[in-house]
Amino acid sequence: MTVEITSHEELRELLGAPTARAVNKERRRLHERDREWLAASPFCLLATAGADGSCDVSPKGDPAGFAMVLDDTTIALPERPGNRRADGYRNILDNPHVGLLFLIPGRTDTLRINGRARLLSDAPWFDDMVVKGHRPVLAVVVEIEQIFYHCAKAFLRSALWQPDTWQPDLLPSRPRLIKEVEAPAVSLEDLERHYGPEYAKNIYT
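Just so we're clear, the structure is a prediction, and the values are computed from it rather than from any experiment. Chains are numbered independently. Their residues run from 1 in the order of the written sequence. Local features in a predicted model are, by the rule used here, given only for residues with pLDDT of at least 70; side-chain atom pairs are given and counted only at 80 or more, and totals for whole chains, interfaces and linings are based on all residues. Calculated side-chain values reflect all of the structure's heavy atoms, with hydrogen atoms and water omitted.

Below, the discussion takes up the nonpolar core. If you look at the biggest cluster of nonpolar residues, it comprises 23 residues, and the most contacted ones within it are Ile 75, Leu 77, Leu 100, Phe 102, Ile 113 and Val 140. If you tally residues by element for this core, the top one is strand β7 (residues 139–150), at four residues. Excluding anything up to four places from it in sequence, Val 140 contacts Ile 75, Ala 76, Leu 77, Tyr 89, Ile 92, Ala 117, Arg 118 and Leu 119. Note on terminology: a nonpolar core comprises buried Ala, Val, Leu, Ile, Met, Phe, Trp, Tyr and Cys residues joined through side-chain atoms within 4.5 Å. Three labels apply to residues, based on accessible area from a 1.4 Å probe with only protein chains included: buried if under 20% of the type maximum, exposed if over 50%, partly exposed otherwise in between. Residues Met 68, Trp 125, Ala 139 and Val 141 belong to the second largest nonpolar core, which totals eight residues. Secondary structure elements are taken from DSSP: a helix is a run of H or I of four residues or more, a strand is a run of E of two residues or more, and numbering for both begins at the N terminus. Two residues qualify as a contact provided that any one of their heavy atoms is within 4.5 Å of a heavy atom in the partner residue.

A contiguous patch of negative charge, built from Glu 4, Glu 9, Glu 10 and Glu 13, is present on the exposed surface. Relative to the helices and strands, Glu 13 is located in helix α1 (residues 8–15). A patch is a set of surface residues, each over 30% in relative accessible area and not in a salt bridge, joined within 9 Å for like charges and within 5 Å for the nonpolar side chains Val, Leu, Ile, Met, Phe, Trp and Tyr. Working definition of accessibility: Shrake-Rupley area with a 1.4 Å probe, residue cover restricted to the visible protein chains. For this analysis, a salt bridge means a side-chain nitrogen from Lys or Arg found within 4 Å of a carboxyl oxygen belonging to Asp or Glu. The charged-residue count follows a simple rule in which Lys and Arg add positive charge and Asp and Glu add negative charge, with His and chain termini not counted at all. Throughout, a charge is located at the NZ atom of Lys, the CZ atom of Arg, the CG atom of Asp or the CD atom of Glu.

Turning our attention to the state of the cysteines. Count a disulfide wherever a pair of cysteine sulfur atoms falls within 2.5 Å. In this structure the tally under the stated criterion is zero disulfides. Between Cys 44, a free cysteine, and Cys 55, which holds the nearest cysteine sulfur, the sulfur-to-sulfur gap is 17 Å. Residue Cys 44 is classed as buried on the basis of its relative accessible area of 0%.

The next thing to look at is unusual backbone geometry. For Arg 84, which is not a glycine, the phi torsion comes out positive at approximately 70°. Along the chain, the position of Arg 84 falls in the loop between β4 (74–78) and α4 (87–94). Although it is not a glycine, Lys 132 sits at a positive phi angle of roughly 50°.

Listed as buried for helix α3 (residues 32–40) are Asp 34, Trp 37 and Leu 38. Buried positions in α3, seen along its axis, are confined to an arc of 95° and lie on one side of it. Where the residues of α3 are buried, they touch β3 (68–71), β4, β5 (97–103), β6 (110–120) and β7. What the arc describes is the spread of directions from the helix axis to the C-beta atoms.

A few words on the side chain of Asn 91. As for its position among the elements, Asn 91 is in helix α4. There is a polar contact of 3.0 Å between the side chain of Asn 91 and the side chain of Thr 48. In this structure, Asn 91 is in contact with Thr 48, Ala 49, Gly 50, Ser 54, Cys 55 and Asp 56, ignoring residues within four places of it in sequence. In protein, a polar contact requires one atom able to donate a hydrogen and another able to accept it; more generally it is a pair of N or O atoms within 3.5 Å, and residues adjacent in sequence count only if both atoms are side-chain atoms.

To continue, consider the environment of Phe 43. By the secondary structure assignment, Phe 43 is in strand β1 (residues 43–49). When the C-alpha atoms of Phe 43 and Gly 61 are compared, they prove to be 4.3 Å apart, with 18 residues separating the residues in sequence. Apart from residues lying up to four places away in sequence, Phe 43 is in contact with Pro 59, Lys 60, Gly 61, Phe 66, Leu 101, Phe 102 and Leu 103.

Right, let's get into the sheet that holds β3. Pairing is antiparallel in the open sheet, where seven strands are placed in the order β2-β1-β5-β6-β7-β4-β3. The outermost strands of the open sheet, each flanked by one partner alone, are β2 (55–61) and β3. Neighbour-to-neighbour, the strand axes of the sheet open up by a mean angle of 35°, direction not taken into account. Pairing between two strands is assigned when DSSP locates at least 2 bridges connecting them. The pairing of β1 with β2 spans seven bridges and is antiparallel. The residue of β2 that forms the bridge with Ala 49 is Cys 55. Every angle, taken between N-to-C directions, lies between 0 and 180 degrees, and every axis is a line fitted to C-alpha atoms, over only the stretch in contact when it is a helix.

What follows is the structure in structure tokens.
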């Protein structure tokens, strides 16, 4: 029998009440430790939702410290060359609410930031976001509404950072996946050439 949860009351009855510390750990301003975390983080996930409720989660990565702290309640993320779909950015234009999850490799806890975002095409501090000669053409500015640290349980359960659990060759290579799933008309040789050694050299162009 399938049983669907359809109310807040049912959900709370099933999961129980959160602890006082879990409820009260939310903050609205950056602590010095938050600034240190952001300075050490090279990767985050940016979650957005469109006006119709459709969702997107986009990975963002750069050298550690790529998320710039503008003040105690505001951070900014640079845009780097990608596939130009701009799913998350189009969502932000329709619905400014965003969620961010900042990771540090090897750490099993994470820093979560929720807030309201806007897009800028230029600002004086864009010059401080240059990486390998690339000045961003866009930045996401997030006004923090909620910030807190998330516990390690998901990373411990998944053994995400334990190398002995890694199986990168369990699935076909990136070129073979693209060939099978997205671009059957493109030759595997062309895809392997595209995703070969030069690919990593051109990620900022």
